[in-house]
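Report on the structure
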Protein chains: 2
Amino acid sequence: MVHLNALIHEGDNPDLTSERLKASFSTESLSETIYGGKQKLLRRREIVMYVDEHKELHDEKPVEFMTREERIENAARKVVAMRKHYYECVENEDPAETHYFQMLCTHLDGMPIGLHMGMFLPTLYTQTNDEQKEKWLAKAANLGMIGTYAQTEIGHGTNLRMLETTATFDRASDSFVLHSPTVSSTKWWPGNLGKSSNHAIVVAQLYIDKKCYGPHTFLVQLRDEETHRALPGITIGDIGPKFGINTIDNGFLRFDHFKIPRSNMMMGHSKVEADGTYVKPIHAKVGYGAMVYVRSVMTLMQGAFLAMAATIATRYSAIRRQGVINPGQGEVQVLDYQTQQHRLFPQIARAYAFYLTGKHIRDMYYDVVQNLSEGNADTLPELHAITSGLKSVVTHQVGLGIEQCRMACGGHGYSQASGIPLLYTVAIGGCTYEGENMVMLLQTARFLMRTAAAVRSGKRPATKGPSQFDYIFVAGPRQCRLGQAMTAGNCVPAMVECFEHVAKRLTLRAHERLELRKNEGRSKEDAWNDTAVDLTKASRAHTRVFIAKAFAKAVSDIADSAVSKAMTDLLHLYLSYEIVEIGTSLLEDGFMSGEQLASTQKAVYELLAKIRPNAVSLVDAFEFDDREHHSVLGRRDGHVYENLLKWAQHSELNKSDVLPAFTKYLGPMMKEARSKL
Amino acid sequence: MVHLNALIHEGDNPDLTSERLKASFSTESLSETIYGGKQKLLRRREIVMYVDEHKELHDEKPVEFMTREERIENAARKVVAMRKHYYECVENEDPAETHYFQMLCTHLDGMPIGLHMGMFLPTLYTQTNDEQKEKWLAKAANLGMIGTYAQTEIGHGTNLRMLETTATFDRASDSFVLHSPTVSSTKWWPGNLGKSSNHAIVVAQLYIDKKCYGPHTFLVQLRDEETHRALPGITIGDIGPKFGINTIDNGFLRFDHFKIPRSNMMMGHSKVEADGTYVKPIHAKVGYGAMVYVRSVMTLMQGAFLAMAATIATRYSAIRRQGVINPGQGEVQVLDYQTQQHRLFPQIARAYAFYLTGKHIRDMYYDVVQNLSEGNADTLPELHAITSGLKSVVTHQVGLGIEQCRMACGGHGYSQASGIPLLYTVAIGGCTYEGENMVMLLQTARFLMRTAAAVRSGKRPATKGPSQFDYIFVAGPRQCRLGQAMTAGNCVPAMVECFEHVAKRLTLRAHERLELRKNEGRSKEDAWNDTAVDLTKASRAHTRVFIAKAFAKAVSDIADSAVSKAMTDLLHLYLSYEIVEIGTSLLEDGFMSGEQLASTQKAVYELLAKIRPNAVSLVDAFEFDDREHHSVLGRRDGHVYENLLKWAQHSELNKSDVLPAFTKYLGPMMKEARSKL
Ligand SMILES: Cc1cc2nc3c(=O)[nH]c(=O)nc-3n(C[C@H](O)[C@H](O)[C@H](O)COP(=O)(O)OP(=O)(O)OC[C@H]3O[C@@H](n4cnc5c(N)ncnc54)[C@H](O)[C@@H]3O)c2cc1C
Ligand SMILES: Cc1cc2nc3c(=O)[nH]c(=O)nc-3n(C[C@H](O)[C@H](O)[C@H](O)COP(=O)(O)OP(=O)(O)OC[C@H]3O[C@@H](n4cnc5c(N)ncnc54)[C@H](O)[C@@H]3O)c2cc1C
């Protein structure tokens, strides 16, 4: 028999099966929407089967039980195995397939060639000249070397202009001398720098004849290729344990007057000639695009993280029976508690919102790249502004959402068996790397303030096409148009107007305050800092507009009517929930009335009940394989309790019944105490 | 020279010293307020010095670098050492001193006798009869045995009534037979159960002649006292790694028809006689008080956790220089960014609010105990309602606050060197244990709904004295009284009114909706569940009232005028920040105007600037010793960067330059790739 939910198997936990039987739509069809069509979905399943069949791609025990040394060794083993199987498993080096294959094999916590793939190779592709490409690319691409990207120092991350590592041109030897003049100049944080990499792209201040030309990038060999020992003049190591990503050897690096050939400067854009002549890059903002790309991909990945946590918690809530609602009717699935639904369903909605927005922004990125290749860089600053805000809002909400999912699992959520602790620590790092969130919001604010200035001056900038900031120029309705029947009919445009109204108002208000401070005699920069919190609020509000529209668009594009219906409920929940969250800003100027807000809140409760029967199927449609989430609670088959017991058997502490803690300390202590009774 | 800030030492990081020199009040005086007077403060310092001087109370390396096995062995070693030094270091077994001594020695992550001290001993004291006291107390108190409290099972935590472990009375052998009939009946989670304890208080369903008498407690020996091996009929072990508290061996436990003497049932309240007669306890709600006690202590502890995170992040923000505000003036301390202040100062304010509220609720607890001893149990339900809500709101806000502190440290916050990851994982567990937060909020709501019913019916219940819920009966002002001059003058009563108004309205509204659902034909229980989210909102609102009042009272009690002034700023920030946070509820019914809210928001910004010079001194006043927070970033002396480097040297990965990951896997792989170029 074919079910609407494609994940039903015989022998599954009956509570989970009965949930799945309630699906009002085909999960298969929704999965196709998520992953871009039937073909891609089938390929994902083939990759799962391939990995399933090859034992060397598996872990001998869950990584949660491994020390860092074991994790790193295990990950290195799998890198070699993955390389062996890659071409057999992945078609045409497809990036999505590659990513999926890697996720199934190495999981979330990282791998020794993460930075090599994500930063080192792309930098080599984009910042080298032809000669350098010839020399390095094939070797790097084939893993004849492993490289990382060493930018951050102990003393500087956000403010790259003040990096302290120096690269001083030595005309006599036609080389650069890399040096770490202070403790704070020590490179600190680069992934895989500590132990795995033998090369790095190093960012250092370029000095020629005592003149500083600012930060530049250099390819530096760090370790001997044969022995892997750190080269003389280089001190290198691991920075120690972190909140998460402990499989990654984030490293430190110090140079003691370490020489590299002049030709190791990345010469694709700027250049230093043998006589010390410095040649400037043609475009000032090189590399801008790469940042934007990473931040769009982050939106997608963070959406997937939240989807994973929601999958675990929703499935578990369907099999967890705790407490009684109506006496005599037995214990209920905790998914039946309104508070539980209110914890989880907004997370499901956000997971979809972010994932689908992530796909959208990736497409926008490709458009911008297309424009760039046609010599048009107009759309880049806007994309930069959007992705900066998006990265901040999404990573923040994903972090909060994952924790809600974890706590919704009660005590078992706190165990690593839930898989959520690791998920959280990996995801939350995204608030800090690739641009600290507050700093990013302030970046978005710069663009918003330029827009506000244009609005105030009445001079709309001439853009080549429609912009995501256009609504700021339009005098929308002064009153919220939401009627009583919130969940029915097409309330989406009226809801989007709410977000637009708030974003517009907060943007213009921040601009006003900024101007006010300047008129009060504060410097431009002090005024900016005095207004900074308001500025970040405007950026968040604008980002909400963007996500709301992107999510609404994605849902309206769904052809399958049953899927469309289920996803429309989720969209409504998403929008209503966000509106309640920004209630203050909507009420403050009378745009929305208390009654309208109350009925939106009511709509949230009604939507929770409406979504309840589809909840499990909505998360199922992400089709995460058990290998991906490493969660005993989130197992597809729902057989949680017996597998918790099995999982715990791996504990190193269970290797012997009696620990040295007893024989050496607690035993003698108790014995002595008893002898005195 | 004597400074207002008592923590200034020569040779400290000058940025930190110059912050401390800005103090407008005596930190010593504030510290005395926090810790209850000069004498207690001096004793704390003596304990620090004592621990400093005794090497066996120290760790050989930071616990962050230890495996679980090492941590547990290390903690066991320290338990023995602490026992040896206890009477020399701690005066008169004073509980606060004991706790502090233990914190300095074992830090946050737990110790093998944590449950013994916190649950096992107290249960022995309160639930045994005289004969049992005679038999067990001295032995337990002197650590002749180590016990834990085994209540939660895989299948049941919140709903204790459905625990599945059985204790069946066997008349023939005058014993109980303990049995775990299902997988889900496996005891799971009890701290120190896995490896450290040889005894446990076990909660099991009491069966006599096939009749079930509900859950009762039994003292069960689990392991042989000499060999420490699990006794026949008992399966026991560690449940595996968790988000935090990995020094604790939370355990699992299964019984296979395991016999214990009848006299091992805790007979202080209920009893089973030799012929199988069951004797009921006199009071139905025994143990209620203990729960309330733990939750009040939790408020204090969670306040301290947040204070610790705020200490780390605020000190670090004073020495971290990143970015320029005004060109040409060099890099600023990140503490100068408004966004940074907005991240941190509300956390400082909340830390004080929670800590001081914790002290207040502990005093209330002692009042209730006093009342109880006089045969008056009237105040217990109210205290239960308050502590349930308090526990939920405080743990939740502390979790969020700690993460804000962590992220405010940028990249270094993500390293275990910051100390904040561990702090977070330990603190956040509090959202789940001692009553899951949602469940606790719904408990508070029960009391609120009873109050609302009384308001509606016009029948105020006859209480013996003033109640924390009285304001619900009073028709406060219909309009918020906050004027323009928010930070000046005494705006506190007007601000407290805001919280009262919201709590009252949300309580009565939830009650209305509850009644409405019932009138619509829903069962009482379904109606409750349909209204559950609104109920939790009412509980949170009431809790805010309680904290606001307690904090305001504590500040108004401060005699030292300089301290009072600084703390009043913090109180104002606390209140204004919370008001902005609940803006929606204040605007919704027109109680507050948009302008009033805007000026409250403005007050927040002004207070940030006002608090800025005192920020470091405000956290300094908690006088956390470096041993307590384990944080390189939060060091008193501010020498962060060089100590980050030193800290990282401990990494196991740095023991050798080249890892097996290279020799076994990555090396051969790269070599092969190079050979094909
Ligand atoms: C998990 C992880 C992986 C990483 N991987 C790498 C890697 O592979 N390679 C690499 O080179 N680096 C890496 N990093 C470092 C990372 O890029 C930086 O930590 C990040 O950019 C933040 O910079 P910071 O640490 O200097 O934070 P800081 O700038 O010191 O932030 C501290 C606080 O100051 C505030 N602040 C700073 N500047 C401003 C401003 N102008 N306005 C307002 N507020 C401000 C911030 O908001 C924050 O609250 C990694 C970091 C992490 C956590
Ligand atoms: C760090 C830690 C230490 C612990 N130490 C001990 C120990 O020493 N000894 C011991 O015996 N136990 C211990 N526990 C177990 C702990 O007491 C339970 O996990 C806790 O009481 C929560 O119960 P649960 O796991 O059954 O959660 P569940 O009740 O399963 O919670 C799951 C979800 O269901 C919801 N839910 C459940 N009931 C209701 C309801 N009636 N209404 C609305 N929603 C509901 C919850 O809100 C939650 O979102 C520990 C747990 C942790 C995390």
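Predicted, not measured: the structure shown is a model, and the values here were computed from it.

Turning next to the side chain of arginine 44 of chain B. Residues and elements named next belong to chain B. Within the secondary structure, arginine 44 is located in helix 3 (residues 38-53). Buried and unpaired, arginine 44 has no salt bridge, with glutamate 628 as the nearest side chain of opposite charge at 4.2 Å. Polar contacts involving the side chain of arginine 44 include one to the side chain of tyrosine 35, which spans 3.3 Å. Not counting residues up to four positions away in its chain, the partners in contact with arginine 44 are Tyr35, Tyr100, Phe622 and Glu628.

With that settled, consider the relation of the copies chain B and chain A. Take chain B, turn it by 180°, move it 0.0 Å along the axis, and it overlays chain A with an RMSD of 0.0 Å. These values place the two chain copies in the arrangement generated by a two-fold rotation axis. When each C-alpha of chain B is compared by its distance to the rotation axis, threonine 584 of chain B comes out closest, at 2.1 Å. Most of the interface of chain B is mirrored in chain A, where 100% of its interface residues are also at the interface.

Now for the site of ligand 1. Around ligand 1 sit 30 residues, and of these Thr152, Thr158 and Glu436 of chain A together with Arg320 and Gln340 of chain B come closest. What surrounds ligand 1 is not a single chain but chains A and B. One nitrogen or oxygen atom from the main chain of glycine 157 of chain A is found 3.0 Å from an oxygen atom belonging to ligand 1. Protein chains shield 90% of the accessible area of ligand 1, which is 960 Å² for the free molecule. The set of elements that each furnish at least two residues to the shell around ligand 1 consists of helix 13 (437-457) of chain A together with helix 9 (338-373), helix 10 (379-408) and helix 11 (410-414) of chain B.

Time to look at the sheet that holds strand 8 (residues 251-255) of chain A. Residues and elements named next belong to chain A. Overall, antiparallel pairing links the three strands, which are arranged 4-8-7 in an open sheet. A strand with exactly one partner marks an edge of an open sheet, and here the two such strands are strand 4 (187-188) and strand 7 (234-238). Alignment of strand 7 against strand 8, held across five bridges, turns out to be antiparallel. Within strand 8, the residue paired with glycine 237 across the bridge is phenylalanine 252.

A separate point is the sheet that holds strand 7 (residues 234-238) of chain B. The strands making up a sheet associate through backbone hydrogen bonding, with each pair oriented either parallel or antiparallel. All names here are of chain B. Sheet architecture is open: three strands sit in the order 4-8-7, paired in antiparallel fashion. Bordering the open sheet on either side are strand 4 (187-188) and strand 7, each of which pairs with just one other strand. Pairing analysis gives two bridges linking strand 4 to strand 8 (residues 251-255), with the strands arranged antiparallel. Each bridged residue has a counterpart across the sheet, and for tryptophan 188 the counterpart in strand 8 is phenylalanine 252.

With that out of the way, let us pick up the interface of chain B and chain A. Tallying the contact residues gives 140 residues for chain B and 140 residues for chain A. When chain B packs against chain A, close to 11,700 Å² is buried across both sides, 62% of that on carbon and sulfur atoms. Where chain B meets chain A, there are 14 salt bridges. Among the salt bridges present, the one from arginine 223 of chain B reaches aspartate 657 of chain A, with a minimum N-O distance of 3.2 Å. Applying the counting criterion to the chain B and chain A interface returns 75 residue pairs in polar contact (both at pLDDT 80 or more). With 12 residues, helix 23 (residues 660-675) of chain B is the single largest residue contributor to the side of chain B that touches chain A. In the side of chain B that touches chain A, the residues fall into 59 nonpolar, 45 polar and 36 charged.

To continue, consider the UniProt feature "binding site: FAD" (unreviewed entry) in chain A. Residue and element names in this part refer to chain A. Listed under "binding site: FAD" (unreviewed entry) in the UniProt record, and renumbered for this structure, are Thr152 and Gly191. Their sequence span is 40 residues, while the largest C-alpha to C-alpha distance among them is just 10.5 Å; these annotated residues converge on one region. By relative accessible area, threonine 152 is classed as partly exposed at 23%. Beyond its immediate stretch of four places on either side in the chain, threonine 152 contacts Gly157, Thr186, Lys187, Trp188, Trp189 and Pro190. Along the polypeptide, glycine 191 turns up in the loop between strand 4 and strand 5 (199-208). Residue glycine 191 is classed as buried on the basis of its relative accessible area, which comes to 7%. Ignoring anything within four residues of it in the chain, the contact list for glycine 191 reads Leu115, Thr148, Ile248, Asp249 and Asn250.

All names here are of chain B. With seven of nine residues buried, helix 2 (residues 27-35) lies mostly within the body of the structure. Residues of helix 2 that are buried: Thr27, Ser29, Leu30, Ser31, Glu32, Ile34 and Tyr35. Elements that come into contact with the buried residues of helix 2 comprise helix 3, helix 9, helix 17 (561-581) and helix 20 (615-620).

Right, let's get into the site of ligand 2. Of all residues adjacent to ligand 2, which total 29 residues, the nearest are Arg320 and Gln340 of chain A together with Thr152, Thr158 and Glu436 of chain B. Positioned at a junction of chains, ligand 2 has nearby residues supplied by chains A and B. In the model, an oxygen atom of ligand 2 is placed 2.5 Å from a nitrogen or oxygen of the threonine 158 of chain B side chain. At a separation of 2.6 Å, an oxygen atom of ligand 2 approaches a polar side-chain atom of glutamate 436 of chain B. Its free accessible area being 960 Å², ligand 2 has 90% of it covered by the protein chains. Those elements that place two or more of their residues in the shell around ligand 2 are helix 9 (338-373), helix 10 (379-408) and helix 11 (410-414) of chain A together with helix 13 (437-457) of chain B.

Moving on: the pairing of strand 9 (residues 258-261) of chain A. Residue and element names in this part refer to chain A. Only one face of strand 9 is buried: it carries Phe258 and Ile260, and the other face, with Lys259 and Pro261, is open. Of the pairings in the sheet, the one linking strand 3 (residues 175-179) to strand 9 comprises four bridges and is antiparallel in character. Note on strand 9: the bridge partner recorded for leucine 178 is phenylalanine 258.

Within this structure, the stated rule accounts for 42 aromatic pairs over all chains. Centre to centre, the rings of phenylalanine 551 of chain A and tyrosine 574 of chain A are 5.6 Å apart; their planes meet at 85°, and the pair counts as edge-to-face. Taken as a pair, phenylalanine 551 of chain A in helix 16 (residues 532-556) and tyrosine 574 of chain A in helix 17 (residues 561-581) lie far apart in primary sequence, 23 residues in all. For the pair phenylalanine 551 of chain A and tyrosine 574 of chain A, one class covers both residues: buried. The structure contains a cluster of three or more aromatic residues connected by ring pairs, namely Trp189, Phe243, Tyr414 and Tyr424 of chain A together with Trp189, Phe243, Tyr414 and Tyr424 of chain B. When the ring centre of tyrosine 100 of chain A is taken as origin, the NZ or CZ atom of arginine 44 of chain A, which lies over that ring, is 3.8 Å away.

Following the UniProt record, the feature "domain: Acyl-CoA oxidase C-terminal" (unreviewed entry) maps to residues 494-671 of chain A here. Along residues 494-671 of chain A the backbone is 74% helical and 0% strand, and the end-to-end C-alpha distance reaches 74 Å.

Moving on to the packing of helix 9 of chain A against helix 16 of chain A. Residues and elements named next belong to chain A. Closest axis-to-axis distance for the helix 9/helix 16 pair is 8 Å, and the angle between their directions is 90°. Classified by the angle between their axes, helix 9 and helix 16 sit roughly perpendicular to one another. In this structure, helix 9 contributes Ala349, Tyr352, Ala353, Phe354, Leu356, Thr357, His360, Ile361 and Met364 to the contact, and helix 16 contributes Phe546, Ile547, Ala550, Phe551 and Ala554. Counted by class, the contact of helix 9 with helix 16 contains 12 nonpolar, two polar and no charged residues.

Residues and elements named next belong to chain A. Once the domains are mapped, chain A shows domain 1 (29-112), domain 2 (121-281) and domain 3 (289-620). Centre-to-centre, using C-alpha coordinates, domain 2 lies 38 Å away from domain 3. With four residues of domain 2 at the interface, the matching set in domain 3 holds six residues. Of the roughly 360 Å² buried between domain 2 and domain 3, counting both surfaces, carbon and sulfur atoms make up 82%. Considering only the side of domain 2, the residues that lose the most area to domain 3 are Thr158, Phe243 and Ile245, jointly responsible for 85% of the buried surface there. Linking domain 2 with domain 3 are zero salt bridges, by the criterion used here.

Cut-off values and rules
- Residues numbered from 1 in each chain as written.
- Chains lettered and ligands numbered in written order.
- Predicted model: local features only at pLDDT ≥ 70, side-chain atom pairs only at ≥ 80, totals over all residues.
- Heavy atoms only, no water.
- Helix = DSSP H or I, 4+ residues; strand = E, 2+ residues; numbered from the N terminus.
- Buried < 20%, exposed > 50% of the residue type's maximum accessible area, 1.4 Å probe, protein only.
- Lys, Arg positive; Asp, Glu negative; His and termini not counted.
- Salt bridge = Lys/Arg side-chain N within 4 Å of Asp/Glu carboxyl O.
- Polar contact = N/O pair within 3.5 Å; in protein donor to acceptor, adjacent residues only side chain to side chain.
- Contact = heavy atoms within 4.5 Å.
- Least-squares fit on C-alpha atoms with pLDDT ≥ 70 in both.
- Near = heavy atom within 4 Å.
- Areas by Shrake-Rupley, 256 points an atom, 1.4 Å probe, with all protein chains shown as cover.
- Pairing = 2+ DSSP bridges.
- Buried area = accessible area lost by both parts, 1.4 Å probe.
- Nonpolar A, V, L, I, M, F, W, Y, C, P; charged D, E, K, R; others polar.
- UniProt positions renumbered as here; feature names shortened; annotations may be inferred.
- Phe/Tyr/Trp six-rings, centres within 6.5 Å; stacked < 30°, edge-to-face > 60°.
- Lys NZ or Arg CZ within 6 Å of the ring centre and 35° of its normal.
- Axes fitted to C-alpha atoms, helices over the stretch in contact; angles between N-to-C directions.
- Parallel < 35°, antiparallel > 145°, perpendicular 65-115°, else oblique.
- Domains from an automatic or database assignment.

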